[in-house]
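Architecture and fold: a report
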Amino acid sequence: MPPRPAAEHPRETAGRKRCPWSLGSPEYVRYHDEEWGLPVHDDRVLFEFLILEGAQAGLAWSTILAKRENYRRAFDGFDAARMARYGARDVTRLMADAGIVSNRLKIRAAIENAQAALAIVERHGSLDAYLWRFVDGRPLQHRRRSLRQVPARTGVSDALSKDLRQNGFRFVGSTICYAFMQAVGMVNDHLVTCFRHREVASLQ
């Protein structure tokens, strides 16, 4: 689902109607206007979102968004090849890093996911090719009018979650996968009343 709003705000700012979840903070507005739902095909960025969505499990997206630059620093810019070589000393370093969520399971999962991502690239040529085949290479265009119509998971996210887990990924439940799909534009879940819906749809 879309990130939970940090607070209730009017749906319109600067004369533009936005998805209501985005109006909890200036950071949310920027993320909504500039990133959320844009089709992503860069392997590094796709991997970053996979790790960040997993890190969010049980937390508000605002928590992870505020720590995003810290995660990039701590995880070598989400370079999967470098992360895949992390050992016990790196886990200790990351657990002591106050700039990220100090959860040993999530940190170890990020390392294992880097290893799994490299194996995916070896088999499929790129993370991009592997992930986007679940939507036949084109964003799924939805026409939802309220947040109540936005599901937490779908049959596609179920399939993606199952396949990722079979390929060695962790913290990739179906709800996490659907949030990932929304973030990287595999689905367009901007509400039709939001100015970004048409802009994002035009990028298909």
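This brings us to unusual backbone geometry. If you check the backbone angles, Asp76 has positive phi at about 50 degrees while not being a glycine. Along the chain, Asp76 falls in the loop between helix 4 (68-74) and helix 5 (80-83). Here the phi dihedral of Phe78 falls at roughly 55 degrees; this positive angle occurs in a residue that is not glycine. Positionally, Phe78 belongs in the loop between helix 4 and helix 5.

Right, let's get into helix 1 (residues 26-34). Every buried residue belonging to helix 1 is among Tyr28, Val29, Tyr31, His32 and Asp33, and all of these are buried. Next to the buried residues of helix 1 lie helix 2 (43-56), helix 3 (61-66), helix 4, helix 10 (174-183) and helix 11 (195-202).

With the rule as written, the count across this model stands at 16 salt bridges. Close ionic contact of Glu69 with Arg72 constitutes a salt bridge, the shortest N to O distance being 2.5 Å. In this pair, Glu69 and Arg72 are both assigned in helix 4, three residues apart and thus about one turn of the helix distant. Since its relative accessible area comes to 25%, Arg72 is described here as partly exposed. Across the salt bridge formed by Asp97 and Arg73, the nearest N and O atoms sit 3.0 Å from each other. Separated by 24 residues along the polypeptide, Asp97 in the loop between helix 6 (88-95) and helix 7 (104-124) and Arg73 in helix 4 bring together distant segments of the chain. By relative accessible area, Asp97 is classed as buried at 12%.

Parameters at a glance
Residues numbered from 1 in each chain as written. Predicted model: local features only at pLDDT ≥ 70, side-chain atom pairs only at ≥ 80, totals over all residues. Heavy atoms only, no water. Helix = DSSP H or I, 4+ residues; strand = E, 2+ residues; numbered from the N terminus. Buried < 20%, exposed > 50% of the residue type's maximum accessible area, 1.4 Å probe, protein only. Contact = heavy atoms within 4.5 Å. Salt bridge = Lys/Arg side-chain N within 4 Å of Asp/Glu carboxyl O.

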